[in-house]
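Chain residues, written in single-letter form:
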Amino acid sequence: MADLSAFPITQKWAPQNPDVIQLFSFPTPNGVKISIALEELGLAYEAHRVTLSDADVKSAEFLSLNPNNKIPAIIDPNGPDGAPIGIWESGAILIYLAEKAGKLLGTTATEKAKIIQWLMFQMGGVGPMFGQMGYFVKFAGSEIDDPRPRERYINEAKRLLAVVEQQLEGKDWIAGDFSIADIALAPWLNALDFYGAKDVTGYSDLKHVPAYVERFFDRPAVKKARNIPPREG
């Protein structure tokens, strides 16, 4: 049995089976990236519900694994150098898991480069910009009288959607075959519904993006993983 005692996070979220990957997460767009990847890759794992409250993500135990106090994070008891490894940042975890399983990262160096390119597009563009837009459309930022922040992020969301729409012309998936780039991107495109921002971004006027999101969420592994760990404890 793997010894994970070197990871203080296990004192707050104790593994039942320390021999499998430990996932510390919550079903946000970033969180479900990892549960979906684990299901799609067929890797054994145990999910621990880490809420977005300060009591969880800013606890000493969680910060010991992820000093950036954000979900998701993982511990792999069977790390690449023969010892357990902890990893945070959803994009880094996706690459790590795909390489571990030897799937969803292309079959050539060129394919891998293209997939990582679109993964970075989501990490650096879609995620941060959609998140900011959500703040100004749905949350506290919507109460600000100055319309410029809201307009800025709505326009940027529209621009990013146009990039995706163009890329999906004649394609089922964003970078060729289904890959971790899709696992990164589709949950964030779907977040427009949560933000109540489909109308302001012209989402429903697009042809390829809505079909892509529907196709993604029809996958059996995605259906299973989209609420892992459960939102309610």
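Residues numbered from 1 in each chain as written. Predicted model: local features only at pLDDT ≥ 70, side-chain atom pairs only at ≥ 80, totals over all residues. Heavy atoms only, no water.

Q: So what exactly am I meant to see when it comes to the packing of aromatic side chains here?
A: Between two aromatic rings, the relevant description is the distance of the centres plus the angle of the planes. Per the stated rule, a full pass over the model turns up twelve aromatic pairs. Their ring planes at 90° and their centres at 6.4 Å tell us that Phe-139 and Tyr-195 sit as a pair that is edge-to-face. Here Tyr-195 lies in the loop between helix 8 (180-194) and helix 9 (198-201) and Phe-139 lies in the loop between helix 6 (109-137) and helix 7 (148-167), a separation of 56 residues in the sequence. Among the aromatic residues, those joined into a ring-pair cluster are Trp-173, Phe-178, Tyr-212, Phe-216 and Phe-217. In this arrangement the basic side chain of Lys-12 is found over the ring face of Trp-13, its NZ or CZ atom lying 5.3 Å from the centre. (Phe/Tyr/Trp six-rings, centres within 6.5 Å; stacked < 30°, edge-to-face > 60°. Helix = DSSP H or I, 4+ residues; strand = E, 2+ residues; numbered from the N terminus. Lys NZ or Arg CZ within 6 Å of the ring centre and 35° of its normal.)

Q: Sorry, what's going on with the side chain of Glu-40 here?
A: The residue Glu-40 is located in helix 2 (residues 29-41) in this model. In terms of polar contacts, Glu-40 uses its side chain to reach the side chain of Arg-219, at 2.8 Å. Contact partners of Glu-40, with chain neighbours within four places excluded, come to Leu-104, Phe-178, Ile-183, Arg-219, Ala-221 and Val-222. (Polar contact = N/O pair within 3.5 Å; in protein donor to acceptor, adjacent residues only side chain to side chain. Contact = heavy atoms within 4.5 Å.)

Q: What exactly am I supposed to notice about helix 8 here?
A: One turn of an α-helix holds 3.6 residues; hence residues three or four places apart share an orientation. With 15 residues, helix 8 extends 22 Å between its outermost C-alpha atoms, agreeing within 8% with the 21 Å of an ideal straight helix rising 1.5 Å per residue. Along helix 8, the residues that are buried comprise Ile-180, Ala-181, Asp-182, Ile-183, Ala-184, Leu-185, Ala-186, Pro-187, Trp-188, Leu-189, Ala-191 and Leu-192. Where helix 8 starts, the residue carrying a side-chain oxygen 3.1 Å from the main-chain nitrogen of Ala-181 turns out to be Ser-179. With its phi angle positive at about 65°, Gly-196 sits one or two positions after the end of helix 8. (Expected span 1.5 Å × (residues − 1). Buried < 20%, exposed > 50% of the residue type's maximum accessible area, 1.4 Å probe, protein only.)

Q: Just to check I follow, could you spell out the sheet that holds strand 4 (residues 85-88) for this structure?
A: Across a sheet, paired strands are connected by hydrogen bonds in the backbone, their directions being either parallel or antiparallel. Pairing is mixed across the open sheet formed by four strands, whose spatial order is 2-1-3-4. The sheet is open, and its two borders are formed by strand 2 (45-49) and strand 4, each paired with just one other strand. Pairwise comparison of adjacent strand axes, ignoring direction, gives a mean angle of 20° for this sheet. Relative to strand 4, strand 3 (residues 73-76) runs antiparallel, the two sharing four bridges. Across the sheet, the residue bridging to Asp-76 is Ile-85, located in strand 4. Together, strand 1 (21-25), strand 2 and strand 3 form the strand contacts of helix 2, whose direction differs from that of strand 1 by roughly 155°. (Pairing = 2+ DSSP bridges. Axes fitted to C-alpha atoms, helices over the stretch in contact; angles between N-to-C directions.)

Q: Any chance you could explain the pairing of strand 2 here in plain terms?
A: Look at any regular strand and the pattern is simple: side chains alternate between the two faces of the sheet. Here strand 1 runs beside strand 2; their pairing, made up of five bridges, is parallel. Looking across to strand 2, one finds that Ser-25 is bridged to Arg-49. Running through helix 2, the crossover from strand 1 to the neighbouring parallel element strand 2 is right-handed. (Right-handed = clockwise from strand over helix to strand, strands pointing away.)

Q: When you look at unusual backbone geometry in this model, what are you seeing that I'm missing?
A: What is expected of a backbone is that most residues other than glycine have negative phi and most peptide bonds are trans. Here the bond from Ile-71 into Pro-72 is cis, since omega is 0°, no more than 30 degrees from zero. Examined against the element boundaries, Pro-72 turns out to sit in the loop between helix 4 (60-65) and strand 3. With an omega of -10°, the peptide bond running from Ile-228 to Pro-229 counts as cis. Checked against the element boundaries, Pro-229 lands in the segment after helix 11 (220-225). If you check the backbone angles, Leu-104 has positive phi at about 65° while not being a glycine. For Leu-104, the position within the fold is in the loop between helix 5 (90-101) and helix 6.

Q: In this structure, what is going on with the packing of helix 2 against helix 5? I would like to understand it.
A: Packed helix pairs are characterised by how far apart their axes lie and by the angle those axes make with each other. Where helix 2 contacts helix 5, the axes come no closer than 10 Å and their chain directions differ by 5°. One finds that helix 2 runs roughly parallel with respect to helix 5. Seen from helix 2, the contacting residues are Asn-30, Lys-33, Ile-34, Ala-37, Leu-38 and Leu-41; seen from helix 5, they are Ser-90, Ile-93, Leu-94, Leu-97, Ala-98 and Ala-101. Of the residues assigned to the contact of helix 2 with helix 5, the class counts are nine nonpolar, two polar and one charged. (Parallel < 35°, antiparallel > 145°, perpendicular 65-115°, else oblique. Nonpolar A, V, L, I, M, F, W, Y, C, P; charged D, E, K, R; others polar.)

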